[in-house]
Amino acid sequence: MKRITILLASALMLSMASQAKAQTPVNEYPASDSKIVWVGRAIAQGDQVSGDWTGIYARIKFAGDGLAIKVSDTKKNYYNLWLDKETWNEPDKIVTVTGTDTTIVLLAKEEILALCGKKNARKDSVHQITLQKRTEGEQGKTTFQKVLVNGSLLEADAVRPRAIEFVGDSYTCGYGSENSVKTDPFKPETENCNKSYCNIVARYFDAECILVAHSGFGIARNYNDNVKGWYMPERYSQAYDMDRDSRYDASTASVKPDITVIYLCTNDFSTGRQPSKGMFQENYKILLGKIKEAYGEAHPILCVAGKNDFLMAEYISEVANECGLRKVSFAVLCPYVHNSDDDLGASFHPNYEGHKKKAMVLIPYVATMTGWGLNPEKPIR
């Protein structure tokens, strides 16, 4: 997949100016413009939109032959970009975002021409992109300042009628999902939440996908006892993944989920250890309570037990059955849901094939709890 380098604002102007003598001026729009659709915990503050959670994405529609963004990033993140395509396709670009007050050309005229053909690359042609953060908060927070269009910004496609929220760890983040060798070391470049089970499930139901996930974190114990005293029940309340003092207000969200899927426990049971059942279950109830507080008592929650230890299933099933909350259910992944060779990517995490198998197990549970039903002709992708 083609990687896009960071370009300065002057490069955008020169590129677009050189393509024709008479071009539509480059028009600037604030990142918080109501024509842009944002999904996930992307926080609007004035004209800017900021976010560090994995999987946040924007849909931007425009009429023109060039598109750019002005951004700042605290570290270095990677974004998937699709032009006039659904997100099950391989992205047309992987966009690297880093630096301060940086203008990045997302699409120059030549690229639109190559991707869409001459007929659909005119300066008045209408296009829509999806720009999705594929790396997690540990890689930095992006602040989107402006959208620059060699043409005009249009109203993006409306939010889909369905939405699913996933609360998880490295599996949900798509940690190493693009690797094909399980002993490969982790690299941010090969982390891609779009190839994790969560986006696969959401695509099956044609639903928006909201992710609240961080690698290495658990319900009551983090991987190898790292970062004690800060677990996913606390992190769930945060507006920003890496800012412990930030607070997320679910009432302000532009997209509200119809169901929440919790896939947490693998790190709790990592390195041959686990928290006490009492501590684990108490923290799990705290997380359930926060989700119900955000979306209402009737909001369905699916609690998933991983395949690594059957004790996980005991801990989680008891919580689901005894928490006293409505519409809380559980699913258990068995050890053979995927194999330990071809289905693994970097650092022994599932690759895309492994994630598809996980998704196939969870789809019927989501269908039952939401009443959305199953479509036997719908591919898992």
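The notes below deal with the structure included here.

Reading the values: rules and limits
Residues numbered from 1 in each chain as written. Predicted model: local features only at pLDDT ≥ 70, side-chain atom pairs only at ≥ 80, totals over all residues. Heavy atoms only, no water. 1 Å grid on protein atoms, 1.4 Å probe; cavity = no way out; pocket = protein on both sides within 12 Å on 5 of 7 lines; lining within 4 Å. Points joined across faces, edges and corners; volume = space filled by probe spheres on them. Nonpolar A, V, L, I, M, F, W, Y, C, P; charged D, E, K, R; others polar. Helix = DSSP H or I, 4+ residues; strand = E, 2+ residues; numbered from the N terminus. Buried < 20%, exposed > 50% of the residue type's maximum accessible area, 1.4 Å probe, protein only. Contact = heavy atoms within 4.5 Å. Axes fitted to C-alpha atoms, helices over the stretch in contact; angles between N-to-C directions. Parallel < 35°, antiparallel > 145°, perpendicular 65-115°, else oblique. Left-handed = near helix turned anticlockwise from the far one by under 90°. Lys, Arg positive; Asp, Glu negative; His and termini not counted. Salt bridge = Lys/Arg side-chain N within 4 Å of Asp/Glu carboxyl O. Polar contact = N/O pair within 3.5 Å; in protein donor to acceptor, adjacent residues only side chain to side chain.

1. Things to note about empty space enclosed by the protein
Item 1. Applying the stated criterion across every chain, the model contains two cavities of 30 Å³ or more.
Item 2. In this structure, the largest cavity encloses a volume near 40 Å³.
Item 3. What lines the largest cavity is Gly40, Arg41, Glu165, Ile210, Tyr248, Ala253, Val255 and Tyr295.
Item 4. By residue class, the composition of the lining of the largest cavity is five nonpolar, one polar and two charged.

2. What about the environment of Val227?
Item 1. With respect to the helices and strands, Val227 occurs in the loop between β13 (208-213) and α5 (232-235).
Item 2. For Val227, a relative accessible area of 41% translates into the label partly exposed.
Item 3. Taking the C-alpha atoms as reference, Val227 lies 26 Å from Ala294; in sequence the two are 67 residues apart.
Item 4. Apart from the residues lying within four places of it in its own chain, the contact partners of Val227 are Phe217 and Asn222.

3. Some remarks on the packing of helix α6 (residues 277-295) against helix α7 (residues 310-322)
Item 1. One way to put it is that α6 packs onto α7 with a least axis distance of 10 Å and a crossing angle of 45°. Comparing the axis directions of α6 and α7 gives the class oblique. Seen from above, α6 lies across α7 with right-handed handedness. Residues Lys277, Phe280, Gln281, Tyr284, Lys285 and Leu288 of α6 form the contact with α7, whose participating residues are Glu314, Tyr315, Ile316, Glu318 and Val319.
Item 2. Split by residue class, the contact of α6 with α7 holds six nonpolar, one polar and four charged.

4. As for the side chain of Lys133
Item 1. Note that Lys133 resides in strand β10 (residues 126-133).
Item 2. For Lys133, which is buried and forms no salt bridge, the nearest opposite charge comes from Asp52, at a distance of 6.5 Å.
Item 3. At 2.9 Å, the side chain of Lys133 and the side chain of Asn77 are in polar contact.
Item 4. At 3.3 Å, the side chain of Lys133 forms a polar contact with the backbone oxygen of Glu136.
Item 5. In this structure, Lys133 is in contact with Gly51, Asp52, Trp53, Thr54, Gly55, Ile56, Asn77, Tyr78, Tyr79, Gly140, Thr142 and Cys193, ignoring residues within four places of it in sequence.

5. Brief notes about the side chain of Asp268
Item 1. With respect to the helices, strands and loops of the structure, Asp268 is situated in the loop between β14 (259-263) and α6.
Item 2. Within the buried set, Asp268 has no salt-bridge partner at all; the shortest N-O distance to an opposite charge, 7.1 Å, is to Arg221.
Item 3. A polar side-chain atom of Asp268 sits 2.7 Å from the main-chain amide nitrogen of Ala220.
Item 4. A polar atom in the side chain of Asp268 sits 2.9 Å from the backbone nitrogen of Arg221.
Item 5. Among residues more than four places away in sequence, those in contact with Asp268 are Gly218, Ile219, Ala220, Arg221, Arg273, Gln274, Pro275 and Phe280.

In short, geometric facts, not functional conclusions.
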